[in-house]
Number of protein chains: 2
Amino acid sequence: MTDNPAIKSYLAIAEKAISEALPAEGERPASLSDAMRYAVGTGGKRIRPLICIAASVAVGGRPEDAARPAAAIELLHNYTLVHDDLPAMDNDELRRGKPSVWAKFGEADAILAGDALQARAFAAAAMSPRSADAVVAALAEAAYGVVAGQVEDVAGSRDVPFVYAHKTADLFVAAAVMGGFAGGGSDDDIRRLRTFAFNLGMAFQYQDDILDGDSPYGEEKTAALAKEATDAALAALAGLPGDPAPLACIASGLLNRRV
Amino acid sequence: MTDNPAIKSYLAIAEKAISEALPAEGERPASLSDAMRYAVGTGGKRIRPLICIAASVAVGGRPEDAARPAAAIELLHNYTLVHDDLPAMDNDELRRGKPSVWAKFGEADAILAGDALQARAFAAAAMSPRSADAVVAALAEAAYGVVAGQVEDVAGSRDVPFVYAHKTADLFVAAAVMGGFAGGGSDDDIRRLRTFAFNLGMAFQYQDDILDGDSPYGEEKTAALAKEATDAALAALAGLPGDPAPLACIASGLLNRRV
């Protein structure tokens, strides 16, 4: 996926915007800026920022138009991981093979770093060059939805579509919709992007289950659901006024992954 | 203060907007909406929402213009209390004489309810009828600042002005600035409101120390600092184009409190 030169350039735009959205290294209080920068890391796949930037291009906008919203969705995503890892939640001491934020900085600073990442996510979203109010509203909807999904998940809900739609698809939808607004998309374009991203998010989650060997409906049915959602996602791209190829490429890269 | 009929009417506007900004009672997942509604409560003093609404009036706007920003600042304030009370932070089992959110709903749901309150705060801010991007940016600045102040406080910082400015004054500033933007204030008006609210917040915190019998500089010097900040706050109201009387009344009510 990142062999594609367009997508490689999007990744550079995203990394720069993410760094700018965070407090500067050593900015006071240093324990907070350090924990936030550690949480967001560098060199990640940045799937959601790439979707956001490619969505701007798909509606005819420039990649740069979506830089701030792309940073916003990545900060929001990472705050949810910081809080999910806490002892009172999933109690994970490792994240991506390194100590999780609470394991490294302590519980109090992990709670606060997560809180501060959510705040900075909204600061970045408000800097969208177009439709900042709609961009913020889309982010806020996902920010609430992802918590609702986590609450049901922690409570052991068996309503798989509810949990997947909120825990996973909501952030994909926000990424695409924010990019669409930032790129100047019409209401129709936003609707298409929403359908695309919802189905992509669901397909991603089903795939995850298959790769983890933990499919809620058995592997065969889960694979069929993933295929169905993938087809629905790609079909939704038809009719967008810009170049949907990078968005389709990201979707394929995501759904053909083997890890 | 709430004997004043104008301020009484602002309180009604604030309560309605706060209720509308929260998930409906019993909305799924019910444990989340219940915890959020419990955290925000009813019948509180709603100091920050009143400042927000009075700031709109002080720049010549209508009280209703600031309804959504007023709800936003109250949700944000309450999320910070929910997280501050957590066992990993202040470990408070009581808040306003009732079980704190984690004591009643458990730690995981308290973390998540706080997170969701922050998300809903930004959703409400984005619905400002004017300058939604500036309203969201002001809220985001305070949302980050209040965490920075808390980090220093938890770490036992002796830099009292830094901690007070961020832990307390930042939310007062956001309340006034958001109300000013929502009411259509000019850049000059916003600057005045910022000076007013910063000094009000500092005075409020010094007063708090005196009432708690725990003044960082000794009672006499703290009282002098409180007086100085109060004077600076009230002086900043001169020159605002609307009616600053309700804002002055809220400030006086706050600074003459005995509990």
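Criteria and thresholds
Residues numbered from 1 in each chain as written. Chains lettered and ligands numbered in written order. Predicted model: local features only at pLDDT ≥ 70, side-chain atom pairs only at ≥ 80, totals over all residues. Heavy atoms only, no water. Helix = DSSP H or I, 4+ residues; strand = E, 2+ residues; numbered from the N terminus. Rg over C-alpha atoms; globule rule 2.2 N^0.38 Å. Buried < 20%, exposed > 50% of the residue type's maximum accessible area, 1.4 Å probe, protein only. Areas by Shrake-Rupley, 256 points an atom, 1.4 Å probe, with all protein chains shown as cover. Lys, Arg positive; Asp, Glu negative; His and termini not counted. Charge placed at Lys NZ, Arg CZ, Asp CG, Glu CD. Phe/Tyr/Trp six-rings, centres within 6.5 Å; stacked < 30°, edge-to-face > 60°. Contact = heavy atoms within 4.5 Å. Buried area = accessible area lost by both parts, 1.4 Å probe. Salt bridge = Lys/Arg side-chain N within 4 Å of Asp/Glu carboxyl O. Polar contact = N/O pair within 3.5 Å; in protein donor to acceptor, adjacent residues only side chain to side chain. Least-squares fit on C-alpha atoms with pLDDT ≥ 70 in both. Expected span 1.5 Å × (residues − 1).

Participant: Explain the overall build of chain A to me, using residue names and the numbers behind them.
Facilitator: Helix and strand content of chain A: 11 helices and two strands. Sequence-ordered secondary structure for chain A, helices as α and strands as β, is α-α-α-α-β-β-α-α-α-α-α-α-α. Rg of the C-alpha trace for chain A: 17 Å, near the compact-globule value of 18 Å for 259 residues, within the 12% margin. Viewed in the frame of its principal axes, chain A has a C-alpha envelope of about 50 × 45 × 35 Å. Relative to its full complement of 259 residues, chain A shows a buried share of 57%. Accessible area of chain A: about 9,900 Å², with a carbon and sulfur share of 50%. The distance from the centre of the 24 positive side-chain charges to the centre of the 35 negative ones in chain A is 5 Å.

Participant: I'd like a description of the packing of aromatic side chains, backed by residues and values.
Facilitator: Residues and elements named next belong to chain A. For the structure on display, the rule yields seven aromatic pairs over all chains. With 5.3 Å between their ring centres and 45° between their planes, Phe172 and Phe204 make a pair best called tilted. One end of the pair, Phe172, is in helix 8 (residues 160–182); the other, Phe204, is in helix 9 (residues 187–212), with 32 residues separating them in the sequence. Phe172 gets classed as buried once you look at its relative accessible area, which sits at 0%.

Participant: Before we move on, could you go through the environment of Thr222(A) and cite the residues and values that matter?
Facilitator: Residue and element names in this part refer to chain A. Inspection of the secondary structure assignment puts Thr222 in helix 10 (residues 219–236). Classification of Thr222 by relative accessible area gives buried; the value is 0%. For the pair Thr222 and Phe172, spaced 50 residues apart in the sequence, the C-alpha separation amounts to 20 Å. Sequence-distant contacts of Thr222, that is, excluding residues within four places in its chain, are made with Tyr206, Asp209, Ile210, Ser215, Pro216 and Tyr217.

Participant: Which residues make up the interface of chain A and chain B, and what values go with them?
Facilitator: The partner chain B presents 40 residues to the 40 residues of chain A that form the contact. For the pairing of chain A and chain B, the buried interface totals around 3,300 Å² over both sides, and the portion due to carbon and sulfur atoms is 71%. In this assembly, chain A and chain B are joined by four salt bridges. Between Glu152(A) and Arg28(B) there is a salt bridge, and its shortest N-O distance comes to 2.9 Å. Linking chain A to chain B there are eight residue pairs in polar contact (both at pLDDT 80 or more). Mapped by element, the contributors of at least two residues to the side of chain A that touches chain B are helix 2 (30–40), helix 4 (67–84), helix 6 (107–125) and helix 7 (132–154) of chain A.

Participant: Account for the relation of the copies chain A and chain B, naming residues and giving values.
Facilitator: Turning chain A through 180° and shifting it by 0.0 Å along the axis lays it on chain B, with an RMSD of 0.0 Å. Both copies of the chain, as the preceding transformation shows, are related through a two-fold rotation axis. Across chain A, the smallest distance between a C-alpha and the rotation axis is recorded for Asp133(A), namely 2.9 Å. Both copies contact each other with a shared surface, as 100% of the interface residues of chain A are interface residues in chain B too.

Participant: Hey, could you go over helix 4 (residues 67–84) of chain B for me, with residue numbers and the actual values?
Facilitator: With 18 residues, helix 4 of chain B extends 26 Å between its outermost C-alpha atoms, agreeing within 8% with the 26 Å of an ideal straight helix rising 1.5 Å per residue. For helix 4 of chain B, the buried fraction is high: 17 of the 18 residues fall into the buried class.

Participant: Please provide a residue-by-residue account of unusual backbone geometry, values included.
Facilitator: Here the residue pair Arg28(A) and Pro29(A) is connected by a cis peptide bond, since its omega of -5° sits within 30 degrees of zero. By secondary structure assignment, the location of Pro29(A) is in the loop between helix 1 (5–21) and helix 2. Even without glycine at this site, Arg46(B) takes up a positive phi of about 55°. Tracing the chain through its elements places Arg46(B) in the loop between helix 2 (30–40) and helix 3 (47–58). Positive phi, close to 55°, is recorded for Arg96(B), a residue that is not glycine. Within the element layout of this structure, Arg96(B) appears in the loop between strand 1 (94–95) and strand 2 (98–99). Classification of Arg96(B) by relative accessible area gives exposed; the value is 53%.

What is shown is where atoms sit, not what they do.
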